[in-house]
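# Examining the three-dimensional arrangement
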Amino acid sequence: MKKLAILASGSGSNAQAIIDACKGGILKGLAEVVVIISNNPNAKVLGRSALANIACEVSDDVLSVLNKYKPDLVCLAGYMKLVGKDVLSAYKVVNIHPALLPRHGGKGMYGKFVHEAVIASGDKKSGASVHFANENYDEGNIIMQQEVPVFEGDSADMLAKRVLEAEHLLYPKAIKKLIDEGVI
Ligand code: GRF
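Worth saying up front: this structure is predicted, and the values here are computed from it rather than measured.

### Side note on the environment of Ala77
- Within the secondary structure, Ala77 sits in the loop between strand E4 (73-76) and helix H4 (85-90).
- Its relative accessible area of 5% is what places Ala77 among the buried residues.
- Separated by 71 residues in sequence, Ala77 and Ile6 place their C-alpha atoms 6.7 Å apart.
- Excluding its chain neighbours within four sequence positions, the residues that come into contact with Ala77 are Ile6, Leu7, Ala8, Ser9, Asn14, Ala15, Ile96 and Tyr171.

Laid out in C-alpha coordinates, this is it:
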(Lines give C-alpha, C1' and ligand atoms only; values in the text may rest on other atoms or scores of the structure.)
Protein backbone atom coordinates (compact mmCIF):
# COMPACT_ATOMS: atom_id res chain seq x y z
CA MET A 1 0.00 0.00 0.00
CA LYS A 2 1.34 3.40 -0.95
CA LYS A 3 0.97 6.05 1.73
CA LEU A 4 -0.52 9.38 0.68
CA ALA A 5 -0.45 12.67 2.55
CA ILE A 6 -2.89 15.38 1.51
CA LEU A 7 -2.26 19.09 2.06
CA ALA A 8 -5.36 21.24 1.78
CA SER A 9 -6.47 24.68 2.91
CA GLY A 10 -10.16 24.74 2.10
CA SER A 11 -13.18 22.65 1.28
CA GLY A 12 -11.29 19.49 0.47
CA SER A 13 -13.54 18.02 -2.18
CA ASN A 14 -10.47 16.70 -4.01
CA ALA A 15 -9.18 15.26 -0.74
CA GLN A 16 -12.55 13.53 -0.41
CA ALA A 17 -12.28 12.14 -3.95
CA ILE A 18 -8.86 10.69 -3.14
CA ILE A 19 -10.11 9.24 0.18
CA ASP A 20 -13.09 7.66 -1.60
CA ALA A 21 -10.89 6.20 -4.34
CA CYS A 22 -8.64 4.62 -1.70
CA LYS A 23 -11.57 3.21 0.25
CA GLY A 24 -13.66 1.83 -2.57
CA GLY A 25 -12.52 3.13 -5.94
CA ILE A 26 -9.61 2.82 -8.32
CA LEU A 27 -7.00 3.17 -5.56
CA LYS A 28 -8.48 0.45 -3.35
CA GLY A 29 -5.73 -1.90 -2.20
CA LEU A 30 -3.13 0.33 -3.81
CA ALA A 31 -3.03 3.43 -1.64
CA GLU A 32 -4.25 4.88 1.64
CA VAL A 33 -4.41 8.41 2.99
CA VAL A 34 -2.31 8.49 6.16
CA VAL A 35 -2.63 12.16 7.07
CA ILE A 36 -4.34 15.37 6.04
CA ILE A 37 -2.36 18.51 6.78
CA SER A 38 -3.83 21.99 6.71
CA ASN A 39 -2.42 25.43 7.42
CA ASN A 40 -5.95 26.62 8.19
CA PRO A 41 -7.56 25.48 11.47
CA ASN A 42 -11.02 26.33 10.08
CA ALA A 43 -10.67 24.38 6.86
CA LYS A 44 -13.65 22.21 6.03
CA VAL A 45 -11.27 19.48 4.91
CA LEU A 46 -10.45 18.78 8.56
CA GLY A 47 -14.03 17.67 9.19
CA ARG A 48 -13.76 15.27 6.29
CA SER A 49 -10.62 13.67 7.72
CA ALA A 50 -12.35 13.24 11.07
CA LEU A 51 -15.30 11.52 9.39
CA ALA A 52 -12.98 9.23 7.49
CA ASN A 53 -10.91 8.45 10.60
CA ILE A 54 -7.75 9.85 9.10
CA ALA A 55 -5.15 11.69 11.16
CA CYS A 56 -5.24 15.42 10.65
CA GLU A 57 -2.69 18.01 11.62
CA VAL A 58 -2.89 21.79 11.51
CA SER A 59 0.63 23.04 11.03
CA ASP A 60 2.84 25.28 8.94
CA ASP A 61 5.78 23.01 9.67
CA VAL A 62 4.88 20.59 6.91
CA LEU A 63 8.23 18.84 6.82
CA SER A 64 8.09 17.81 10.48
CA VAL A 65 4.58 16.43 10.09
CA LEU A 66 5.49 14.54 6.90
CA ASN A 67 8.52 13.05 8.61
CA LYS A 68 6.20 11.51 11.19
CA TYR A 69 4.12 9.75 8.52
CA LYS A 70 6.73 9.24 5.76
CA PRO A 71 4.26 9.22 2.83
CA ASP A 72 5.21 7.90 -0.60
CA LEU A 73 3.40 10.83 -2.20
CA VAL A 74 2.28 14.28 -1.04
CA CYS A 75 -0.89 15.46 -2.80
CA LEU A 76 -1.64 19.19 -2.77
CA ALA A 77 -5.39 19.64 -3.01
CA GLY A 78 -6.35 23.28 -2.80
CA TYR A 79 -3.30 24.06 -0.67
CA MET A 80 -2.91 27.82 -0.75
CA LYS A 81 0.78 28.01 0.09
CA LEU A 82 3.96 27.23 -1.77
CA VAL A 83 5.65 24.09 -0.49
CA GLY A 84 9.22 24.68 0.67
CA LYS A 85 12.37 23.33 -0.93
CA ASP A 86 12.97 21.19 2.15
CA VAL A 87 9.72 19.30 1.49
CA LEU A 88 10.27 19.15 -2.27
CA SER A 89 13.69 17.58 -1.91
CA ALA A 90 12.52 15.02 0.65
CA TYR A 91 9.20 13.96 -0.92
CA LYS A 92 7.45 13.54 -4.26
CA VAL A 93 4.83 16.29 -4.38
CA VAL A 94 1.97 16.66 -6.87
CA ASN A 95 -0.66 19.36 -7.29
CA ILE A 96 -3.99 19.77 -9.06
CA HIS A 97 -4.83 22.95 -10.94
CA PRO A 98 -8.25 23.82 -12.39
CA ALA A 99 -7.10 24.65 -15.94
CA LEU A 100 -5.13 23.11 -18.80
CA LEU A 101 -1.61 24.10 -17.78
CA PRO A 102 0.56 25.77 -18.98
CA ARG A 103 -2.42 28.02 -19.68
CA HIS A 104 -3.92 30.01 -16.82
CA GLY A 105 -1.53 29.11 -14.02
CA GLY A 106 0.88 30.94 -11.77
CA LYS A 107 0.72 33.24 -8.78
CA GLY A 108 -2.74 34.71 -8.22
CA MET A 109 -4.34 32.13 -10.51
CA TYR A 110 -6.60 30.23 -8.16
CA GLY A 111 -10.31 29.73 -7.63
CA LYS A 112 -12.58 31.93 -9.70
CA PHE A 113 -9.66 33.96 -11.07
CA VAL A 114 -8.66 30.95 -13.17
CA HIS A 115 -12.11 30.45 -14.65
CA GLU A 116 -12.60 34.17 -15.28
CA ALA A 117 -9.28 34.22 -17.16
CA VAL A 118 -10.28 31.19 -19.24
CA ILE A 119 -13.60 32.79 -20.22
CA ALA A 120 -11.95 36.15 -20.96
CA SER A 121 -9.36 34.44 -23.16
CA GLY A 122 -12.03 32.95 -25.40
CA ASP A 123 -10.60 29.42 -24.99
CA LYS A 124 -13.10 26.82 -26.12
CA LYS A 125 -11.82 24.22 -23.68
CA SER A 126 -10.54 24.15 -20.15
CA GLY A 127 -9.99 21.33 -17.72
CA ALA A 128 -7.81 20.11 -14.91
CA SER A 129 -4.12 19.28 -14.65
CA VAL A 130 -2.24 17.12 -12.17
CA HIS A 131 1.44 17.98 -12.20
CA PHE A 132 4.59 17.62 -10.13
CA ALA A 133 5.07 20.60 -7.84
CA ASN A 134 8.20 22.69 -7.73
CA GLU A 135 9.18 26.00 -6.10
CA ASN A 136 6.87 28.00 -8.36
CA TYR A 137 3.10 27.98 -8.56
CA ASP A 138 1.65 25.61 -11.16
CA GLU A 139 4.92 24.59 -12.79
CA GLY A 140 6.50 21.16 -12.95
CA ASN A 141 5.89 18.29 -15.34
CA ILE A 142 2.32 17.45 -16.16
CA ILE A 143 1.24 13.95 -15.15
CA MET A 144 -2.31 13.89 -16.53
CA GLN A 145 -4.96 16.30 -17.81
CA GLN A 146 -8.70 16.13 -18.32
CA GLU A 147 -10.40 18.47 -20.74
CA VAL A 148 -13.86 19.96 -20.35
CA PRO A 149 -15.67 22.19 -22.83
CA VAL A 150 -16.20 25.91 -22.29
CA PHE A 151 -19.69 26.81 -23.50
CA GLU A 152 -20.81 30.16 -24.79
CA GLY A 153 -22.50 32.04 -21.96
CA ASP A 154 -20.64 30.13 -19.24
CA SER A 155 -20.15 32.03 -15.99
CA ALA A 156 -17.01 31.43 -13.95
CA ASP A 157 -19.17 29.49 -11.47
CA MET A 158 -20.62 27.24 -14.16
CA LEU A 159 -17.19 26.48 -15.55
CA ALA A 160 -15.75 25.96 -12.06
CA LYS A 161 -18.38 23.33 -11.31
CA ARG A 162 -17.68 21.45 -14.56
CA VAL A 163 -13.92 21.54 -13.97
CA LEU A 164 -14.25 20.43 -10.32
CA GLU A 165 -16.19 17.34 -11.39
CA ALA A 166 -13.37 16.51 -13.80
CA GLU A 167 -10.82 17.09 -11.03
CA HIS A 168 -12.45 14.51 -8.79
CA LEU A 169 -12.04 11.84 -11.47
CA LEU A 170 -8.61 12.98 -12.60
CA TYR A 171 -6.74 13.14 -9.29
CA PRO A 172 -7.20 9.47 -8.32
CA LYS A 173 -6.41 8.44 -11.92
CA ALA A 174 -3.18 10.42 -11.93
CA ILE A 175 -2.14 8.88 -8.59
CA LYS A 176 -2.87 5.42 -9.99
CA LYS A 177 -0.73 6.22 -13.03
CA LEU A 178 2.21 7.06 -10.75
CA ILE A 179 1.74 3.76 -8.92
CA ASP A 180 1.29 1.70 -12.12
CA GLU A 181 4.40 3.23 -13.66
CA GLY A 182 6.47 2.64 -10.53
CA VAL A 183 7.09 6.34 -9.96
CA ILE A 184 6.01 5.92 -6.33
C1 GRF B 1 -9.47 22.93 -6.86
O2 GRF B 1 -10.11 23.61 -7.89
C3 GRF B 1 -8.02 22.69 -7.19
O4 GRF B 1 -7.78 22.54 -8.55
C5 GRF B 1 -7.35 23.95 -6.71
O6 GRF B 1 -8.05 24.29 -5.56
C7 GRF B 1 -9.38 23.78 -5.60
C8 GRF B 1 -9.58 22.99 -4.35
O9 GRF B 1 -10.90 22.56 -4.20
N10 GRF B 1 -5.93 23.75 -6.56
P11 GRF B 1 -11.27 21.52 -3.06
O12 GRF B 1 -10.79 22.12 -1.73
O13 GRF B 1 -10.56 20.24 -3.36
O14 GRF B 1 -12.74 21.39 -3.09
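Alright, that's what it looks like, and here's the rest.
### A short note on the pairing of strand E2 (residues 31-38)
- Along E2, 7 of the 8 residues are buried, which leaves the element largely enclosed by surrounding structure.
- Examined bridge by bridge, strand E1 (residues 2-7) and E2 share 6 bridges and lie parallel to one another. Its bridge partner lying in E2, Ile6 is registered against Ile36.
- Handedness of the E1-helix H1 (residues 13-24)-E2 crossover: right-handed.
- In this structure, E2 lies alongside strand E3 (residues 55-58), joined through 4 bridges in parallel fashion. Looking across to E3, one finds that Ile36 is bridged to Cys56.
- Taken together, E2, helix H2 (residues 45-51) and E3 form a β-α-β motif whose crossover is right-handed.

What counts and how
Residues numbered from 1 in each chain as written. Predicted model: local features only at pLDDT ≥ 70, side-chain atom pairs only at ≥ 80, totals over all residues. Heavy atoms only, no water. Helix = DSSP H or I, 4+ residues; strand = E, 2+ residues; numbered from the N terminus. Buried < 20%, exposed > 50% of the residue type's maximum accessible area, 1.4 Å probe, protein only. Contact = heavy atoms within 4.5 Å. Pairing = 2+ DSSP bridges. Right-handed = clockwise from strand over helix to strand, strands pointing away.

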